Structures are given as structure tokens and as C-alpha cells.
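Given next are the chains, with one letter for each unit.
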Amino acid sequence: NLGVVALQRERYDEAVDWSMAAYQVAMSLGAADMAQVASGNLGWAYFELGDTEKSLDLFNEAERQAVILGDVRAEINWLTDAGHVHRAVGDLQHAARSYHQALDLASKINSREDVVTALEDLAHVSIDLGNLDVASAYIDQVTPLLRPNDNRLDALDVMLAQGKIASARRQDRKAEEIFRTVENDPDSQTSMRLGSEHELARLFELEGDVNAAGRMYGTALTTFESARSQLKK
């Protein structure tokens, strides 16, 4: 739980320490379920710290253990996280397959929360692949599933996807408004703020406003360095 809290607070170096300790204790006790959870959490911490190779190995191991244990919810989580790694390194087809597997499992167990996550992820990877109509269809599917009292991050993630689609379709003012909203929302995670700031910079560049683009790229770098400066090791 301390590892999970560290992840939620975006203190990823601390999350590595807590999750590694949890994994070692779980293994020594033969607590396989706790070990696979700690392994997956450790994978996410390494992913956010930039170590994609190590994180993918940990996600794959956690997924294998979840299958053996019959823990479908955990299997969905680790499939999804593995998809994020594939997407981060540019293996978009593999990422899409992971997200589709997660969606199929989530639908089978009727887990609305996991269905929402999978649809969001499929929208983003479809945008990366240039399939804007497919991405819009996923957004149309997920929007009715969002509830006012749900995690605000889901709504922000959908908005970020909508902004990317608007930008790709050169609906510049709509895209800028969406990206500004995501950037300034107090619930936005660092990765979301970075994403919206980078997209804004690209949008200004497309519009030919190189000065505004330069300032926004600088803002994105400042956001990144601020997050990195909080790491103790």
C-alpha cells in the first residue's frame, strides 16, 4: 500500500523501494498473489522513471502470475500497462493488441471501470496510428460510461484524446481550448500536463507561430524538469 500511495503521488523512486520490499517479503512468504501485485506496481514505477525494458519484463511476469492465479482484474491491469510500454517505444500494433485483449477480458467480467480504461487507451493508440474516425468511435463508446462522480482522470484523458483529434483535423481553436483545459486542471497528472503542453506547442508550430511554439515547448520542459527534480535517486 505504501508503494501504491507513492505511485499515486508520482514519487516513483520511493515507489520502487516500497514495491521491491513488498515483492521480496511476499516471495519469502509464498504469497503469490501479493507478489504479482508488487511486481506490477514495481513495473509501473520503472516505466514512469523511463526504464521501459525492465518495466515490460515486470508487467509480463505479473500477467503470467495473474493468469495462473485466475486473477482476471490483475491480468487486465498488467496487459494494459504492457500496452503503455509498447506504445511508448513506438510498437503501436502490439500496444493495440494488448488494449484489445484488456477490453475483451473487461467485457467478459462486466467491469465498467476496466472497459472505460481500455476504450480510452484504444482511442489514443488509434490517434497515433492516424485512424481518427476509429478513435472518435471509441470516444463515442466511452463517453456515456463516464459518470460525474468518477475519477476525474478518465474525463481528462478523454479530453486529451479529443484535443488530439481536433488538432489533427485542423480544428485549431477547439484543440487549443481542450489542451488548455487539461493543462490547467488541478487534477491533471504530470504526464497529462506534459502531453497537453507538447500538443499545444505542436499546434502553434503548425499554425506558423514559432514564438508561441517555442514558449510552449519551454513550458513543457519546465514541467518535466520540475517533476524530475523531485526524485531523490
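Everything here concerns the structure above.
Everything in this summary refers to the structure shown in the same document. Model, not experiment: these values are computed from the prediction. (Residues numbered from 1 in each chain as written. Predicted model: local features only at pLDDT ≥ 70, side-chain atom pairs only at ≥ 80, totals over all residues. Heavy atoms only, no water.)

Regarding helix 12 (residues 210-229)
What counts here: By definition, any uninterrupted DSSP run of H or I lasting at least four residues is a helix, any uninterrupted run of E lasting at least two residues is a strand, and each is numbered from the N terminus. Expected span, for any helix, means 1.5 Å times one less than how many residues it has. Between two residues, a contact is recorded if the distance between any of their heavy atoms is within 4.5 Å.
Spanning 20 residues, helix 12 covers 28 Å between terminal C-alpha atoms, matching the ideal 28 Å at 1.5 Å per step. Its buried side turned inward, helix 12 meets helix 10 (172-184) and helix 11 (190-207).

Concerning the environment of Ser-188
Convention followed: Exposure is judged per residue with a 1.4 Å probe applied to protein chains only, and the accessible area is read against the type maximum: over 50% gives exposed, under 20% gives buried, and values in between give partly exposed.
Along the chain, Ser-188 turns up in the loop between helix 10 and helix 11. Residue Ser-188 is classed as buried on the basis of its relative accessible area of 5%. Spatially, the C-alpha atom of Ser-188 lies 25 Å from that of Ala-106, the residues being 82 residues apart in sequence. Beyond its immediate sequence surroundings of up to four residues, Ser-188 is in contact with Leu-156, Val-182 and Arg-193.

With respect to helix 2 (residues 12-29)
Let me state the cut-off plainly: This arc is built from the directions going out from the helix axis to the C-beta atoms.
Compared with the 26 Å implied by 1.5 Å per residue over 18 residues, the 25 Å span of helix 2 between its first and last C-alpha is a close match. All of the buried residues in helix 2 are Tyr-12, Asp-13, Ala-15, Val-16, Ser-19 and Ala-26. Along the axis of helix 2, the buried residues cluster in a sector spanning 145°; they form a single face. Exposed positions of helix 2 whose direction lies more than 90 degrees from the buried face are Ser-28 and Leu-29. Packed against the buried residues of helix 2 are helix 1 (2-8) and helix 3 (32-48). Downstream of helix 2 by a residue or two, Gly-30 has a phi angle that is positive, lying close to 70°.

Points about the side chain of Glu-120
To keep it simple, the criterion reads: The charge count treats Lys and Arg as positive and Asp and Glu as negative. His and the chain ends do not count. Just to be clear on terms, a salt bridge is a Lys or Arg side-chain nitrogen sitting within 4 Å of an Asp or Glu carboxyl oxygen.
With respect to the helices and strands, the residue Glu-120 is situated in helix 7 (residues 112-128). Buried charge without a partner: Glu-120 forms no salt bridge, and the closest opposite charge is Arg-112, 8.7 Å away. In contact with Glu-120, not counting residues within four places along its chain, are Val-142, Leu-146, Asp-154, Asp-157 and Val-158.

Examining the pattern of salt bridges
According to the stated counting rule, one finds 13 salt bridges in the structure shown. With a shortest N-O distance of 2.6 Å, Glu-176 and Arg-173 are connected by a salt bridge. Of this pair, Glu-176 and Arg-173 both sit in helix 10, three residues apart, roughly one helical turn. Under the relative-accessibility criterion, Arg-173 is labelled exposed at 52%. One network of salt bridges, with partners in common, ties together Arg-173, Glu-176, Arg-180, Glu-183 and Glu-207.

Section: the nonpolar core
Note the threshold: Put simply, buried Ala, Val, Leu, Ile, Met, Phe, Trp, Tyr and Cys residues joined by side-chain atoms within 4.5 Å make one nonpolar core.
Ranked by size, the top nonpolar core spans 26 residues in total, and within it Leu-103, Leu-119, Leu-122, Val-125, Ile-127 and Ile-139 carry the most contacts. Elements with a minimum of two residues in this core: helix 5 (72-88), helix 6 (92-108), helix 7, helix 8 (132-142) and helix 9 (152-168). Each residue touching Ile-139, except ones within four places of it in the same chain, is listed here: Ala-123, Val-158, Ala-161, Gln-162 and Ile-165. Phe-179, Leu-200, Phe-204 and Met-216 belong to the second largest nonpolar core, which has 11 residues in total.

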